[in-house]
Structure formats: C-alpha cells, structure tokens
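Residue-level structural notes
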Amino acid sequence: MVTEAPAHGPVPVPPRTWNRCMALLRRCSSERHLRAAHALFVSGGLHRHPFALSRLILAACSLRPPALAYASLLFHRSPSPPNSFIHNALIRAHARGPDPAAALSFFRLLLRAPPTSAAADHHSFPFALAACAASGFLATGAQIHALVVKNGLLSADHYVQTALLRLYSNATDGATKVFDEISVRDAVHYDVLMNAFIRAGLPSEALRLFDHLLISRIEPDEFAATTALTACAHAGALEQGVRIHKLVEGKDPSFLRDTFLGSALVSMYAKCGCINDAVDVFNAMPERNTHMWATMIGAYAMHGFSKEAMACLRRMQAEDGLRPDGIVLLGALAACVHAGLVEEGLQLLAEMEARHSVIPEHEHYSCVVDMLCRAGRLDEALQLVREMPMRPLASVWGSLLTGCRIHGNTELAEVAVAELQNFAAGDGDDEGVYVQLSNIYLNANRKEDARRIRKLIGSRGIKKTPACSAIEVDGTVSSFVAGDQVHPRRLEICLMLEVLADHMSPCSEDEL
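On a predicted model such as this, the values are computed, not experimentally measured, just so you know.

**Structural notes on the confidence of the model for the chain**
Put simply, the chain has an average pLDDT of 83, and 82% of its residues get 70 or more. With pLDDT under 50 throughout, residues 508–512 is counted as low confidence; its partners more than four residues away or in other chains account for 1 contact.

This is how it looks when you write it as structure tokens:
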C-alpha cells in the first residue's frame, strides 16, 4: 500500500522515504521499534514535519502498554502546535495509564492552545472526565462538568453524559442529578447509575432503577441485565432475580451465552439460597471461562459443598481445558475454610505455584490464616503470618483476633490488637477491635482489663459501623441494622426473637 506524502510542511518529503517510514510505523509493536522508526524519520528529514511527528505520537499512544513518556517527549518537541487529535490521543492514553492525573495536564494545555490549532471537543471531555474519575479528583471533574454545560454537550453527546455519570459513581446524589438532566436515556445510562447504587450499598435503589428502565420501554442489554442480577444478589431479592432471568430468556436467549451474565445468574441464585438453580444455570452454559468457574466454586463454598468445590478444579481442566487462576484457587481455599479442611487447604496453598503456576497473593494467605484460626491452630497461623512474603494487612490480624476470641488466647489477642491499631491510626479506631479484646478479657476472668478497655472506648468516642442484614419476603426486601431502634416493625421482630430463643433453648434429657 502506497501512502501519498504530504505536499505541505517545512520540508519536502520524498515519497519513497515517506512510504518506508509509514510502513515501519505500522509494524511497531514496542517502544524499541518506535525508537527505530523515529531514527529513520530523523535520517529522512521527517522529524520536524508536523504530520510525521503526529503519526509518531499516535503510534506511541497506541502501543500496549503505551509509551507515554516517549509520546510526551515527542509532543513537547513538536515544531508546531499539536492539533486536537494529538491532544486527545495523549489525554486518553494517560487516563488509562498508571498516572491518570497526567491526562489533566494535557487537557489544560488543550484549553490554552490557540483556537486555530486545537480546541476541546466532544472527544476531549469524556477522556478528561475519565481521568478525574480514575484519580478521584471530583472537584476538578466538577469544573469540567461546568465546561460541558457551557459548551452545550450535556444534552447532546452520549459519551459525555456517560463519562459524567461515571465521574459521580461514588457520589450517588451527583450521579442521580446528571441522570435526571439527560433527556434521552438508554440502557448504558441506567447501567452506570445502577452500578453506582450497588457500590454505595443501595442495591434496592438499583433494582428500582431497573424497573424504571423497563417501564420506560427501553430494551436492557446484557450489561444492564448483569448489573440488575448483581443487585438482586446483594439485596437477596430472589423473586426479582427469577423475573429478570425469565425476561432475558424471553427477549434474547443469546444473552444467556454471555459468561458474565451467566456468572451473575449463578451468583444470584447461590446468594439467595438456591444452589440447585445455580448449578442448573452453570451446567446449561454453552461456554464457560475461568470467571464462571470461580463463581461456581464460590457458590459451592458458600453452601458448604467443599468436595464439589474442590472437584471443580479438576473439572474445569477436564471439561473446558482451563487452568485455575488466582481467583479460582481463592474460592477453593474458601471452601476449605467453610468445611474445616485444614490439611487440604494447606496443601493447596503449598502447591499453588508449583502445580498451578499461580503465585499466592495476600488474599490467599489471609484465607489460610482464617482457616487455621477457626481450627484453633493459632500458633501455626501466627507463624504463617510472620512468613508471608508481603506485609500482613488488617484482614489477617482481624482473623487472628477472632480466632483468639473463640479459643481464649489473650496474649496473642493483644499482639493482634496492637497490629490492627497501626492500620487504624489514620482512619480512627474501630470499636469492634476493642469490644472483641474486652470480651476476651472477660472470658479469661480478667475483669479489670475488660473494664479498662470499655472505659477507653467511651473516652475516645470510638464508633463501630453497625452490621446490616437483608431478606426478601413476598417480593419486598427488608433491611435490619444491629441495634436499630427505629425499625417500623421492631416490636414484632423482638417478639419473634423471643419465640426463637425459646425454641433454641437447651432441652433436658426428659424432653429428649
């Protein structure tokens, strides 16, 4: 293929040199190849040609991973002001890179560029908003939001609208406001806002939004259906999950071939207590990837079917030719934890790298520490913590503290609390840690120490995030918060708890 050399520019470009350079550029697959192409550009006199330089920058941004430092260097060496296309390429590449905040520097350069050479357009704003979302710069994103409104793009451009919704995904009030201002909505807008509600711990709001989507006669795509099923799993809304399952089957059966939607169905049924339905969905899938096998293993582990979960490690290789990854093996370890299969769990951790070519990560060690603590093997758990190749995080010490409470080890509990306070130093103390330590002291008949810890809780004003449970009855999801004094049916709840307490009280030998 012959590419016509540009006739304009400060340097006449021989067609043969131009075509040779462009051919080399198209074959670039690494920064080393890119630098070789640049050297050819220099030898051919093209390194100061604006169009040739722009092609080099675009090639650098298109590499996987992109050569961002090299692209930035070329950008700043450009003999003439780069155009909007070059700015957008750099903003997008940096927004998806390890330092998304750097994208905003190029966006500011674009805003300051002479209007004759470059101007922010409907491509620039979504990339800049994505950089703000990835960096957590909500204030900067709000300023760009104002520019979007000023330029009239909020009501007209789908990609800008979606980028704004994603910007406010951690602030549901802002996301809802943007959503309400969109006059023509589609399934993507609903999907982004539903995900924001789920992340905020409001799955019921996400399900109400999905109902609004259906009422608005908008066809849900596989992404919106997957998100709605995830919300059902979080809310325990089995009836609505079954309805969405039937809706998907009736409207577009091809959706059920999507492994992510299939995984969401398996997870929904499992978390709502219907393990047999989860197995049926899994077995009916025409194609299964490692993500789906991990979901099925997690479902078995959740219901205590440890043998079935461990068998999946063999089945996924025999039936689908897949090797377990770190997530799959974490699910298998969780199954060992729930079933108390300590030796099997230890063997799995020891063989992860040699047998499955997976290097154990913090989550795997944390799971095994939890398993050892539940089995009362606290010394082995502490030894494993000390031998971890990475710094143990709060989850590991929390498992150790819980094990100490169950098995009455006060000395080790004090060690775990001291370590946990190192993590809590910047975020404030957690009452749960001190409450557990106080209970451990009481069980060990160390009443003075328990009283001292209780006074410490009161003097520091330490607060604990209350636990919350949810259950679906007749299609309605009800939430229960620990210590809730304002629930509209709290009297009925207390009476029912008394009835359950009577039924669960120990029976005498005569009653048996």
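Here the narrative resumes.
**Digging into the packing of aromatic side chains**
This model, assessed by the stated rule, comprises 5 aromatic pairs. Aromatic pair Tyr300 and Phe305: ring centres 6.4 Å apart, planes at 85°, arrangement edge-to-face.

**Some remarks on unusual backbone geometry**
Peptide bonds are trans in most cases, and residues, glycine excluded, mostly fall at negative phi. Although it is not a glycine, Arg217 sits at a positive phi angle of roughly 60°. Relative to the assigned elements, Arg217 resides in the loop between α12 (203–215) and α13 (222–235). Its relative accessible area of 79% is what places Arg217 among the exposed residues. The phi angle at Ser357 is positive, at roughly 60°, despite the residue not being glycine. Along the chain, Ser357 falls in the loop between α20 (342–356) and α21 (362–374).

**Thoughts on the side chain of His245**
Note that His245 resides in helix α14 (residues 238–251). Residue classification places His245 among the buried residues on the basis of a relative accessible area of 13%. In contact with His245, not counting residues within four places along its chain, are Leu256, Leu265, Tyr269 and Val281.

**With respect to empty space enclosed by the protein**
Remark: the empty space left among the atoms is shown by a probe the size of a water molecule rolled over them. Tallying each qualifying case throughout the model produces 1 cavity of 30 Å³ or more. As a volume, the largest cavity reaches approximately 40 Å³. Together, Pro220, Asp221, Ala225, Leu247, Val248, Lys251, Asp252 and Phe255 line the largest cavity. Per-element accounting of the lining of the largest cavity gives the leading share, 3 residues, to α14. The residue inventory of the lining of the largest cavity, partitioned by class, reads 5 nonpolar, no polar and 3 charged.

**Some words on the nonpolar core**
When a protein is soluble and globular, its nonpolar side chains tend to lie buried together. Grouped together as the largest cluster of nonpolar side chains are 147 residues, with contacts concentrated most on Leu25, Leu34, Ile144, Val148 and Leu164. Ignoring anything within four residues of it in the chain, the contact list for Val148 reads Phe125, Leu129, Leu153, Leu154, Val160 and Leu164.

**A closer look at the UniProt feature "repeat: PPR" (unreviewed entry) in the chain**
Mapped onto the present numbering, the UniProt feature "repeat: PPR" (unreviewed entry) falls at residues 186–220 and 361–395. The span residues 186–220 is 74% helical and 0% strand by assignment, and the distance between its end C-alpha atoms comes to 8 Å. Within residues 361–395, the helical portion is 71% and the strand portion 0%, while the C-alpha atoms at the span's ends are 13 Å from each other.

Parameters and conventions
Residues numbered from 1 in each chain as written. Predicted model: local features only at pLDDT ≥ 70, side-chain atom pairs only at ≥ 80, totals over all residues. Heavy atoms only, no water. pLDDT = per-residue confidence, 0-100. Contact = heavy atoms within 4.5 Å. Phe/Tyr/Trp six-rings, centres within 6.5 Å; stacked < 30°, edge-to-face > 60°. Helix = DSSP H or I, 4+ residues; strand = E, 2+ residues; numbered from the N terminus. Buried < 20%, exposed > 50% of the residue type's maximum accessible area, 1.4 Å probe, protein only. 1 Å grid on protein atoms, 1.4 Å probe; cavity = no way out; pocket = protein on both sides within 12 Å on 5 of 7 lines; lining within 4 Å. Points joined across faces, edges and corners; volume = space filled by probe spheres on them. Nonpolar A, V, L, I, M, F, W, Y, C, P; charged D, E, K, R; others polar. Core = buried A, V, L, I, M, F, W, Y, C linked by side-chain atoms within 4.5 Å. UniProt positions renumbered as here; feature names shortened; annotations may be inferred.

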